[in-house]
Amino acid sequence: MSRAEIIALVKRETNMVVRSGPFSGLRLHDVQTWGGGDDIGPQLLGVYEEELHGALCEFIDQKPNIVVNVGCAEGYYAVGLALSVPDARVIAFDIDLRAQEACRANADLNGVGERLRVEASCTPARLREILTQDPDALIVVDCEGYEKILFDEKDTVAALGQANVIIEMHEFMDRSILPRLTNLFSPSHRISIIRSGPRNPHEFSFLDGSSDADKWLLVCENRPELQRWLVCERRVLPGIRMSDFQRSASIIHQNSPLHPKHGLGSNDVAGSNRGARETGLLEGSGRLGARSYEIGESGRLSPLYRPLVCTIVYGPDEYFECLRWFLFSLCEFGNYEGEVVVITDKSIDKTANYVPDNLRQRVILLHTSDISHSTRYKLNDLVLGGYSPILYIDNDVVVDGDIESTIKDINESCGVCVTTEIESYKDLVADNIGKVHDTRRVGNWFGLELMKADLDCANEKLPLANSGIIGFRNKYDFEIVADIVRKLYSHPSHRDLIKYFGDQPLLNYALVKTNLGSYGPLSEKCKFAGAWHSSQVERRGFVHFVWARGEDKWKQMKSYVEFLQGKE
């Protein structure tokens, strides 16, 4: 059966009424103006862009006053949302005259024509005008790469502070779109990056007589590559009045490097010189040890100092309890006043429950389902533009002392700063790797066998670097190391090594090969533990509960924090 034939079957069986999903009951005319008409099959089944259903339902439940759909085509989203939010005014945009006519026809078919207005081009100025009238909005955008232009003005992003936004990314047209828009929206919104996922055509009994090949062909959306969407949820958390939020967000917007005025360019293919000319931020040239500069009001250059702490949390709830105590200690004992990025596999709302109230306005939550040990080496793809220095910290760390001096030391250092476990593994310390005698068989935690097999490493020292705390001032130095680790991580010959020892052996190998390891700034700043005892407390700055397991990990962290507070 051809694709046209199975789509014709779906049209007959559904009678052109959407069968499932948030737009179940939506009636559609048999007119398609985009993509050769293939989308109508998944749309009628209700599985079209099924990855977005969770976000759509959440935003629909918030009952926005206005819905804007940029790139409406025949009106699947515009009309579907008009039905789902019966009190909302809907404005749909499409530059194709046929699409405009089809959208109006579908609106009339579903009895929402009086509430749905169709226009041609949505300019940044027009979008701002709409939001000025009513900022409580849901914006759904699919406009073939124009999204970068639509949102690339600071006044436009500022106007979206009370709106929820879903944007289809067209990265195959411009690789800088996702990092650029992520940076622009992060100060005012909680960010999720949603990837293409599976759908199940076997749920529909009228397809039982069709072959598996025909069913999968039916729900295929013919993407040119992996599809990603940027979901931006307004940052209104429980207990924050809207007026207070607006004032706080305004301050963040103007001072955060994620604001457009700073010209974030961590993934900008046009390069750093253009960013400096337009925005006053100069990125390093890529030379090892280079630093970023910003231009002050006097026109003079000064080194960029805008710290950022990053962490990653995924898996069982016990790790999110660790996050709670890490973030609490970061502020309470670390006296850290900068921004924090938390990358997570849970929903933004669930993760926000573990963020202390006094930190909520400074935390940027990024959701991704593609998360593992290696995610820490993908920070450049997500959040690093416009910050220096960057300090990555595992979530099972308690910060037990002021870290300002440590952050400043990192900012004055070249290369990639790491903590080491020399105190715990003194038997692995030797003049060179060839002389290390691993009698306890623990050297593979630090890539010993991997480096012994590489003759170029024979005369180097084993770093004994722990991957739980990583700091750097220059994203280019970090990217060299991170790129190597990512490639090693995906190589099949290292599968067993990663299975038992994670990413840490690969980090040690990369630091040795690149000679980019910097061990001074974090030297003796971290104590590694499985448990703590009051008689052994030595506040160095960090306690990494790396040897604790399961639920005991967060309980040890909580107990230690309470001791530091004087509660024990």
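These numbers come from a predicted model, not from an experiment.

### Considering the packing of helix H13 (residues 317-332) against helix H20 (residues 551-564)
Next up, step 1: Where H13 contacts H20, the axes come no closer than 8 Å and their chain directions differ by 20°. The orientation of H13 relative to H20 falls into the category roughly parallel. In this structure, H13 meets H20 at a crossing whose hand is left-handed. Touching Glu318, Glu321, Cys322, Trp325, Phe326, Phe328 and Ser329 of H13 are Glu551, Lys553, Trp554, Met557, Lys558 and Val561, all from H20.
Next up, step 2: Here the residues of the contact of H13 with H20 sort into seven nonpolar, one polar and five charged.

### Looking at the sheet that holds strand S20 (residues 542-544)
Next up, step 1: Read across the open sheet, the three strands follow the order S15-S20-S19; overall the sheet is mixed. For this open sheet the edge positions go to strand S15 (397-399) and strand S19 (526-528), each flanked by a neighbour on one side alone. Geometrically, the sheet is characterised by an average inter-axis angle of 20° between neighbouring strands, direction not taken into account.
Next up, step 2: Two strands pair when backbone bridges link them, and S15 and S20 are joined in this way by three bridges, in the antiparallel orientation. Along S20, the bridge assignment pairs Val398 with Val543.
Next up, step 3: Seen against the sheet, H20 touches S15 and S20 and runs at an angle of roughly 10° to S15.

### What to know about the nonpolar core
Next up, step 1: If you look at the biggest cluster of nonpolar residues, it comprises 76 residues, and the most contacted ones within it are Ile139, Phe151, Phe185 and Leu230.
Next up, step 2: Discounting residues that sit within four places of it in the chain, Phe185 has contacts with Phe151, Leu160, Val165, Ile167, Ile191, Leu230 and Cys232.
Next up, step 3: Among the nonpolar cores identified, the runner-up in size contains 47 residues, and Tyr48, Leu56, Val118 and Leu207 belong to it.

### Structural notes on the confidence of the model for the chain
Next up, step 1: Across the chain, the average pLDDT comes to 84, with 86% of residues at or above 70.
Next up, step 2: Long-range and interchain partners of residues 237-287, a stretch whose pLDDT sits below 50, account for 106 contacts in this model, where long-range means more than four residues apart.

### Some points on the pattern of salt bridges
Next up, step 1: Applying the stated criterion to the full structure yields 35 salt bridges.
Next up, step 2: In this structure, Arg324 and Glu321 form a salt bridge, with 3.1 Å as the shortest nitrogen-oxygen distance. With a gap of three residues between them, Arg324 and Glu321 both fall in helix H13, about one helical turn apart.
Next up, step 3: Judged by its relative accessible area of 27%, Arg324 is partly exposed.
Next up, step 4: Between Glu423 and Arg540 there is a salt bridge, and its shortest N-O distance comes to 3.1 Å. Of this pair, Glu423 sits in the loop between strand S16 (416-420) and helix H16 (448-452) while Arg540 sits in the loop between S19 and S20, and the two are 117 residues apart along the sequence.
Next up, step 5: By relative accessible area, which is 47% here, Glu423 ends up partly exposed.

### Remarks on the side chain of Asp396
Next up, step 1: Take Asp396: it is sitting in the loop between strand S14 (390-393) and S15.
Next up, step 2: In this structure the side chain of Asp396 is engaged in a polar contact, spanning 2.9 Å, whose partner is the side chain of Lys553.
Next up, step 3: Those residues in contact with Asp396 that lie beyond four places of it in its chain are Cys322, Val543, His544, Phe545, Val546, Lys553 and Met557.

### Some points on the packing of helix H17 (residues 475-490) against helix H19 (residues 504-514)
Next up, step 1: Two elements in contact, H17 and H19, have axes whose closest approach is 9 Å; the angle formed by their N-to-C orientations is 135°. By the angle between their axes, H17 is oblique relative to H19. Considering only the axes of H17 and H19, their crossing is right-handed. Each of Ile480, Val481, Ile484, Val485, Leu488 and Tyr489 in H17 lies in contact with H19, whose residues at this interface are Leu506, Leu507, Tyr509, Ala510, Leu511 and Thr514.
Next up, step 2: Its residues assigned to classes, the contact of H17 with H19 comprises eleven nonpolar, one polar and no charged.

### Concerning the pairing of strand S6 (residues 189-195)
Next up, step 1: Across the seven residues of S6, six count as buried, placing the element largely inside the fold.
Next up, step 2: Direction of pairing for S6 relative to strand S13 (residues 363-367): parallel, over a ladder of two bridges. Paired with Ile191 across the bridge in S13 is Leu366.

### A few points about unusual backbone geometry
Next up, step 1: Between Ser388 and the following residue, Pro389, the backbone shows a cis peptide bond with an omega angle of 0°.
Next up, step 2: With respect to the helices, strands and loops of the structure, Pro389 is situated in the loop between S13 and S14.
Next up, step 3: The phi torsion at Glu144 lies on the positive side, around 55°, for a residue other than glycine.
Next up, step 4: Structurally, the position occupied by Glu144 is in the loop between strand S4 (137-141) and helix H7 (147-150).
Next up, step 5: A relative accessible area of 31% means that Glu144 is categorised as partly exposed.
Next up, step 6: Of note, Glu524 is a non-glycine position whose phi angle comes to about 60°, a positive value.
Next up, step 7: Note on placement: Glu524 falls in the loop between strand S18 (517-518) and S19.
Next up, step 8: Among the residues examined, Glu524 registers a relative accessible area of 59% and is labelled exposed.

### Focus: the environment of Phe563
Next up, step 1: As for its placement among the helices and strands, Phe563 is situated in helix H20.
Next up, step 2: Along the primary structure Phe563 and His533 are separated by 30 residues, whereas in three dimensions their C-alpha atoms are 9.9 Å apart.

Here is what the cut-offs are and how they apply
Residues numbered from 1 in each chain as written. Predicted model: local features only at pLDDT ≥ 70, side-chain atom pairs only at ≥ 80, totals over all residues. Heavy atoms only, no water. Axes fitted to C-alpha atoms, helices over the stretch in contact; angles between N-to-C directions. Helix = DSSP H or I, 4+ residues; strand = E, 2+ residues; numbered from the N terminus. Parallel < 35°, antiparallel > 145°, perpendicular 65-115°, else oblique. Left-handed = near helix turned anticlockwise from the far one by under 90°. Contact = heavy atoms within 4.5 Å. Nonpolar A, V, L, I, M, F, W, Y, C, P; charged D, E, K, R; others polar. Pairing = 2+ DSSP bridges. Core = buried A, V, L, I, M, F, W, Y, C linked by side-chain atoms within 4.5 Å. Buried < 20%, exposed > 50% of the residue type's maximum accessible area, 1.4 Å probe, protein only. pLDDT = per-residue confidence, 0-100. Salt bridge = Lys/Arg side-chain N within 4 Å of Asp/Glu carboxyl O. Polar contact = N/O pair within 3.5 Å; in protein donor to acceptor, adjacent residues only side chain to side chain.

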